[in-house]
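Reading the structure
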Amino acid sequence: MQKKNKGALNLVGLVLFLLALPLFFRMGGGQFAMAEVLPGQVPSDKLSLAFLQQEEKEVITANVLGKEDIEFSKSLAISAGGRPMNVTAEQLAKMQDFSYLKSNYYIVDSRTTFFPEDIDVEQALGLDLTIEKTKKEPKVLIFHTHSHEGFSDSDMSKGLQEGIWGVGERLKEILEEEYGIGVIHDSGQYDVVNGKGQITGAYERMEPPIREILAKYPSIEVCIDLHRDGVAEGTRLVTEIDGKPCAQVMFFNGLCRLNKDGTTQPISGLENPYLKENLAFSLQMKTAANQRYPDFSRKIYLSAYRFSLHMLPRSTLIEVGAQTNTKEEALNAMEPLAEVLASVLLS
């Protein structure tokens with residue numbers, strides 16, 4: 001008798017479950033069911049509304065696009081810190097292979113070492129680095145530790161606008177006028193001592209006045225130390241974007257450690273509390289640049305030293321072309337660079 005009652009209850013439960021299925025799917029339950037049976041699509045602890053909405057969009061799109069289009073459009077929304085940054089699932093899997101990441105995204109100075117534990121790709125791409133979009137108060141500081149760096153056709157006797165400082169002024173204009181981001185552009189000359197050029201010690205001379213600016217304007221959340229690289233005279237760092245010749249850019253990080261006597265040791269007195277954030281910032285910008293302008297950004301350069309990257313979490317050092325580029329190429333590069341910065345900084 002008990003077995004018959006139990007069987008009847010099971011049958012009733014099955015009928016109720018089948019009747020409830022349409023309501024379950026209309027409420028979005030089907031998306032959670034898909035997530036359960038396709039765990040490789042997204043880590044179980046990363047399910048978010050943005051990801052589920054993307055999945056729903058792909059299901060709808062599948063009716064009108066071919067298989068190749070659907071495969072190309074699939075992306076993984078990473079939201080570890082809040083704002084998702086989309087990369088293809090295939091690309092994320094490649095980037096999580098440290099040997100692939102190191103060889104395709106970085107140049108590592110021989111004086112230092114880059115370890116797998118230095119960066120978690122998923123966390124780095126998911127870190128929320130966004131800022132409030134406003135011109136009422138400054139949000140970005142652009143400065144130049146080496147303000148007298150010029151280009152192939154620069155006449156530095158005419159003033160700083162002929163070199164990298166003029167390029168920084170163009171970046172400021174675009175960020176303010178096109179993206180609504182308040183910018184301060186510092187005109188300090190830290191590579192000059194007593195009227196003469198002096199590169200040595202420029203980073204030490206730069207820090208006190210930059211700290212003063214940050215103290216005066218606590219709304220600043222982003223520090224950009226803008227430079228021009230130095231390369232062999234036969235090297236041309238140029239690409240074409242929207243029909244214009246543009247100098248290629250390179251994002252730069254300092255790891256604050258040196259190889260010494262067969263081991264890697266921290267550099268005492270040159271610590272950086274924001275190293276993880278710095279690395280995430282450059283990786284997000286490199287990824288965004290690759291998505292928009294594949295030939296625009298060179299590999300991220302990892303050096304042994306700290307440079308100017310320890311004052312804010314969103315600190316970056318960017319090399320714009322080299323001495324073999326023209327002023328026009330460097331100035332043209334500010335449009336795509338501003339777009340890349342805005343894609344990371346604005347929600």
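Because the structure is predicted, anything quoted here is derived from the model rather than measured.

Conventions we followed
Residues numbered from 1 in each chain as written. Predicted model: local features only at pLDDT ≥ 70, side-chain atom pairs only at ≥ 80, totals over all residues. Heavy atoms only, no water. Helix = DSSP H or I, 4+ residues; strand = E, 2+ residues; numbered from the N terminus. Buried < 20%, exposed > 50% of the residue type's maximum accessible area, 1.4 Å probe, protein only. Contact = heavy atoms within 4.5 Å. Areas by Shrake-Rupley, 256 points an atom, 1.4 Å probe, with all protein chains shown as cover. Lys, Arg positive; Asp, Glu negative; His and termini not counted. Salt bridge = Lys/Arg side-chain N within 4 Å of Asp/Glu carboxyl O. Polar contact = N/O pair within 3.5 Å; in protein donor to acceptor, adjacent residues only side chain to side chain. Pairing = 2+ DSSP bridges. Axes fitted to C-alpha atoms, helices over the stretch in contact; angles between N-to-C directions. Core = buried A, V, L, I, M, F, W, Y, C linked by side-chain atoms within 4.5 Å. Parallel < 35°, antiparallel > 145°, perpendicular 65-115°, else oblique. Left-handed = near helix turned anticlockwise from the far one by under 90°. Phe/Tyr/Trp six-rings, centres within 6.5 Å; stacked < 30°, edge-to-face > 60°.

Across its full length, the protein carries twelve helices and 15 strands. Relative to its full complement of 347 residues, the protein shows a buried share of 48%. For the protein, restricting intrachain contacts to residue pairs at least 6 apart in sequence, the fraction spanning at least 24 positions comes to 75%. Here the protein displays about 17800 Å² of accessible surface, and carbon together with sulfur accounts for 54% of that area.

Right, let's get into the side chain of Glu-149. Mapped onto the elements, Glu-149 comes out in the loop between β4 (140-143) and α8 (164-179). Of the side chains bearing the opposite charge, Arg-228 lies closest to the buried Glu-149, which forms no salt bridge; the N-O distance is 4.9 Å. A polar contact of 3.4 Å, which involves the side chain of Glu-149, links it to the side chain of His-146. With residues up to four places along the chain from it excluded, the contact list for Glu-149 reads Gly-163, Ile-164, His-227 and Arg-228.

With that settled, the discussion passes to the sheet that holds β4. Sheet architecture is open: seven strands sit in the order β3-β14-β11-β15-β8-β4-β5, paired in mixed fashion. Only two strands of the sheet have a single neighbouring strand rather than two, namely β3 (106-108) and β5 (183-185). Taking each pair of neighbouring strands and ignoring which way they run, the sheet shows an average axis angle of 25 degrees. Both β3 and strand β14 (residues 300-303) contribute to a ladder of three bridges, which runs parallel. Note on β14: the bridge partner recorded for Tyr-106 is Ile-300. Sheet contacts for α8: β4, β5, β8 (222-229) and β15 (314-322); angle to β5, the most-contacted strand, approximately 165 degrees. On top of the sheet, helix α10 (residues 275-292) reaches β3, β8, β11 (249-254), β14 and β15; it is set at about 165 degrees to β11, its chief contact.

The next point concerns the side chain of Ser-154. Structurally, Ser-154 is set in the loop between β4 and α8. A relative accessible area of 18% means that Ser-154 is categorised as buried. Every residue in contact with Ser-154, bar those within four places of it in the chain, is listed here: Glu-162, Gly-163 and Lys-327.

Now for the nonpolar core. The biggest cluster of nonpolar side chains holds 59 residues, and the ones touching the most others in it are Leu-101, Tyr-106, Leu-171, Ile-224, Leu-283 and Val-320. Ignoring sequence-local partners within four residues, the contact set of Tyr-106 consists of Leu-101, Phe-114, Ile-119, Leu-283, Lys-299, Ile-300 and Leu-302. With 17 residues, the next largest nonpolar core counts Leu-141, Tyr-190, Ile-220 and Leu-317 among its residues.

On to the pattern of salt bridges, then. In total, this model carries 13 salt bridges according to the counting rule given. The salt bridge partner of Arg-257 is Asp-118, with a shortest N-O separation of 2.3 Å. Taken together, the residues span a long stretch of sequence, with Arg-257 in strand β12 (residues 257-260) and Asp-118 in the loop between β3 and α7 (121-126) at a distance of 139 residues. Residue class for Arg-257 comes out buried when judged on its relative accessible area of 13%.

For the rest of this paragraph, the subject is the packing of α8 against helix α12 (residues 334-345). Running from N to C, α8 and α12 cross one another at 55 degrees; their axes reach a closest spacing of 9 Å. As the angle between them shows, α8 and α12 are arranged oblique. Between α8 and α12 lies a crossing whose hand is right-handed. Residues Val-167, Arg-170, Leu-171, Ile-174, Leu-175, Glu-178 and Tyr-179 of α8 form the contact with α12, whose own contacting residues are Met-334, Glu-335, Leu-337, Ala-338, Glu-339, Leu-341 and Ala-342.

Turning to the packing of aromatic side chains, a few remarks are in order. On inspection of all chains with the given rule, the structure shows six aromatic pairs. Ring centres 5.3 Å apart and planes at 75 degrees place the aromatic pair Tyr-203 and Phe-307 in the edge-to-face group. Linking Tyr-203 in helix α9 (residues 202-216) with Phe-307 in the loop between β14 and β15, this pair joins segments that are 104 residues apart in sequence. With a centroid separation of 5.5 Å and 15 degrees between ring planes, the pair formed by Phe-252 and Tyr-301 is classed as stacked.

Further remarks concern the pairing of β12. In terms of strand pairing, β12 meets strand β13 (residues 263-266) through four bridges, oriented antiparallel. Residue pairing for β13: Asn-259 is matched across the bridge by Thr-264. Linking β12 to β13, which pair antiparallel, is a turn of two residues; within it Asp-261 sits at a positive phi near 55 degrees.

Of all six residues that make up β11, six are buried, and the element is covered over most of its length. What you see with β11 is no split at all: Val-249, Phe-251 and Asn-253 on one side and Met-250, Phe-252 and Gly-254 on the other are buried throughout. The pairing of β11 with β15 spans four bridges and is antiparallel. Paired with Met-250 across the strands is Glu-319, a residue of β15. Pairing geometry for β11 and β14, over three bridges, is parallel. Paired with Gly-254 across the bridge in β14 is Ser-303.

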